[in-house]
Amino acid sequence: MRILILGGDGYLGWATAMHFSKRGHEVHAIDNYLRRRAHQEQGTDSLTPVLDSLPARAEAWKDVTGLDIGVTEDNICEYDVVARLFRELRPEAVIHYGEMPSAPYSHKSREHTVFTQYNNVVGTLNVLFAMAEHTPDAHLVKLGTMGEYGTPSIDIEEGFIEISHNGRKDTLPFPKLPGSWYHLSKVHDSHNIHFACRIWGLRATDLNQGVVYGIHTEETRLDERLLTRFDYDEVFGTALNRFCLQAVIGHPLTVYGQGGQTRGYLNIVDTLQCVELATMNPAEEGEFRVFNQFTEQFSILELAELVQKAGAEYGLQVEMEHVDNPRVEKEEHYYNAMHSKLLDLGLKPHLLSETLIESMFGEIEKHKDRVIPELIMPKTRWRGVRETQGALE
């Protein structure tokens, strides 16, 4: 299968490119290095050392495996770039990671908010138009986020919900209540993709993914040069990544607020499983599918306690401290999200309790000299605009 991967230099994009290449597919990756530039802007970097460009990574992959990964260094917000790729490559599947992926980044300033909305929404619109014009039979596999739903006080269905109102019934998109400007951009994506499927007959799968953790995949273990990135900073690092790194370097685990915020989680190995299952079992013509992509649910406090316990087994004395929550979110809430569709397709989950030490602590220990400790604590606050305005009044 000819597979185009958007955002192929990222944490998941690079791992996915290698995964499909190893399985005999014709893979091409595009990236404009937004993630790398954002890290330069804030003075942070991946804990794991990664080669300095996508061509260098593809060359290392070729050296280790003898397999090719095609590369384009460019921006999908430029329609000419996207149209040329689709016209020349004729992809059968398009795996879309090519967006700014951070809620804190989207709240750093007005400029960061506007950039997030423009970059994510315009890039996806360009992809939809290029598909409709050049590869109308291709299947779009789009990385969404469970954060689109927010934390409603009802069960979260997989994309759609049956509504009864005034004696009539219909199946409608599940209501969205995103918690950041970034998550809101993903809601716009979902609406635009659904619309394109309805009016143009495109086929798409929206993978509403939970929080991903882990460093290694089958392919990254082949050679140190094939490592994917691992972010731990307050802007791009997830809570679990940050907790594991803090445990290894002797920093107290920073639990935001009381730690009652609950979300879905999955191992990076399971992300690759899910994306492969979605790609190899494509949506029908005109179909917009939604899969909730996670394997387990934890509160932030539960995560911290799991890391604390695993740290003790690893020989670490792990402390925990509650810090002021920089986000605007419910401390305690109901959270029960359905996630059966990928299991029905054959997903075999790797559970956190079984993989935490093996998948995280050893690799973090190996690279802990690369940690920049002063960039771990949160500085970006959701109420920043209000606080600034209050100071000016």
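Keep in mind that this is a model prediction, so the values were computed, not measured. (Residues numbered from 1 in each chain as written. Predicted model: local features only at pLDDT ≥ 70, side-chain atom pairs only at ≥ 80, totals over all residues. Heavy atoms only, no water.)

A. Focus on the overall build of the protein. If you tally the helices and strands in the protein, you get 13 helices and 14 strands. What you see for the protein is a C-alpha radius of gyration of 20 Å, in line with the 21 Å of a compact globule of 393 residues. C-alpha extents for the protein along the principal axes are approximately 65 × 55 × 50 Å. Taking all 393 residues of the protein together, 56% fall into the buried category. For the protein, contacts bridging at least 24 residues in sequence account for 81% of all contacts bridging at least 6. As displayed, the protein offers around 16,700 Å² of accessible surface, 51% of which is attributable to carbon and sulfur atoms. One finds the centroid of the 38 positive side-chain charges in the protein at a distance of 2 Å from the centroid of its 58 negative side-chain charges. (Helix = DSSP H or I, 4+ residues; strand = E, 2+ residues; numbered from the N terminus. Rg over C-alpha atoms; globule rule 2.2 N^0.38 Å. Buried < 20%, exposed > 50% of the residue type's maximum accessible area, 1.4 Å probe, protein only. Contact = heavy atoms within 4.5 Å. Areas by Shrake-Rupley, 256 points an atom, 1.4 Å probe, with all protein chains shown as cover. Lys, Arg positive; Asp, Glu negative; His and termini not counted. Charge placed at Lys NZ, Arg CZ, Asp CG, Glu CD.)

B. A look at the pattern of salt bridges. This model, assessed by the stated rule, comprises 23 salt bridges. In this structure, Lys142 and Asp189 form a salt bridge, with 3.2 Å as the shortest nitrogen-oxygen distance. Of this pair, Lys142 sits in strand β5 (residues 139-145) while Asp189 sits in helix α7 (residues 181-200); the two residues are 47 residues apart in sequence, bridging distant segments of the chain. The exposure class assigned to Lys142 is buried, which follows from its relative accessible area of 2%. Note that Arg229 and Asp231 form a salt bridge whose closest N and O atoms lie 3.0 Å from each other. Accessibility assignment for this pair places Arg229 and Asp231 in one class, buried. A network of salt bridges, in which partner residues are shared, links Arg23, Glu218, Glu219 and Glu276. (Salt bridge = Lys/Arg side-chain N within 4 Å of Asp/Glu carboxyl O.)

C. Up close: the packing of aromatic side chains. This structure, assessed with the given rule, holds 6 aromatic pairs. Between Phe160 and Phe288 the ring centres are 6.3 Å apart and the planes differ by 75°, which places this aromatic pair in the edge-to-face class. Note that Phe160 is positioned in strand β6 (residues 160-165) and Phe288 in strand β12 (residues 288-293), a separation of 128 residues in sequence. Relative to Phe361, the ring of Tyr314 lies with its centre 5.3 Å away and its plane at 55°, an arrangement referred to as tilted. Here the residue Tyr314 occupies a position in helix α10 (residues 300-314), and Phe361 occupies one in helix α12 (residues 352-366), the gap between them amounting to 47 residues. (Phe/Tyr/Trp six-rings, centres within 6.5 Å; stacked < 30°, edge-to-face > 60°.)

D. Region of interest: the side chain of Ser299. One can find Ser299 in strand β13 (residues 296-299). Once residues within four sequence positions are removed from consideration, Ser299 is found in contact with Gly259, Gly260, Gln261 and Thr262.

E. Expanded view of the sheet that holds strand β3 (residues 69-73). Taken in spatial order, the 7 strands line up as β3-β2-β1-β4-β5-β8-β12 in an open sheet, and their pairing is parallel. Either end of the sheet is taken by a strand with one partner, and the two such strands are β3 and β12. On average, each strand axis in the sheet is inclined to that of its neighbour by 20°, with strand direction left out of account. Two strands pair when backbone bridges link them, and β5 and strand β8 (residues 203-209) are joined in this way by 7 bridges, in the parallel orientation. Looking across to β8, one finds that Leu143 is bridged to Leu207. In the packing of α7 onto the sheet, contacts are made with β5, β8 and β12, and the angle to β5 comes to roughly 155°. (Pairing = 2+ DSSP bridges. Axes fitted to C-alpha atoms, helices over the stretch in contact; angles between N-to-C directions.)

F. Fine view of the confidence of the model for the protein. On average, residues of the protein score 96 in pLDDT, and 98% of them reach the 70 mark or higher. Across residues 388-393 the pLDDT falls below 50, and counting only partners more than four positions away or on other chains, this stretch makes 0 contacts in the model. (pLDDT = per-residue confidence, 0-100.)

G. Broad picture of the sheet that holds strand β11 (residues 262-267). In space, the 3 strands of this open sheet follow the order β9-β11-β13, with mixed pairing throughout. Both edges of this open sheet fall to β9 (211-213) and β13, since each of them pairs with a single strand only. For this sheet the average axis-to-axis angle between neighbouring strands, irrespective of direction, equals 45°. Bridge analysis of β9 against β11 gives 3 bridges, and the strand direction is parallel. Bridge pairing in β11 links Val211 to Tyr265. Packing against the sheet, helix α9 (residues 268-280) makes contact with β9 and β11, and its axis sits at approximately 80° to β11.

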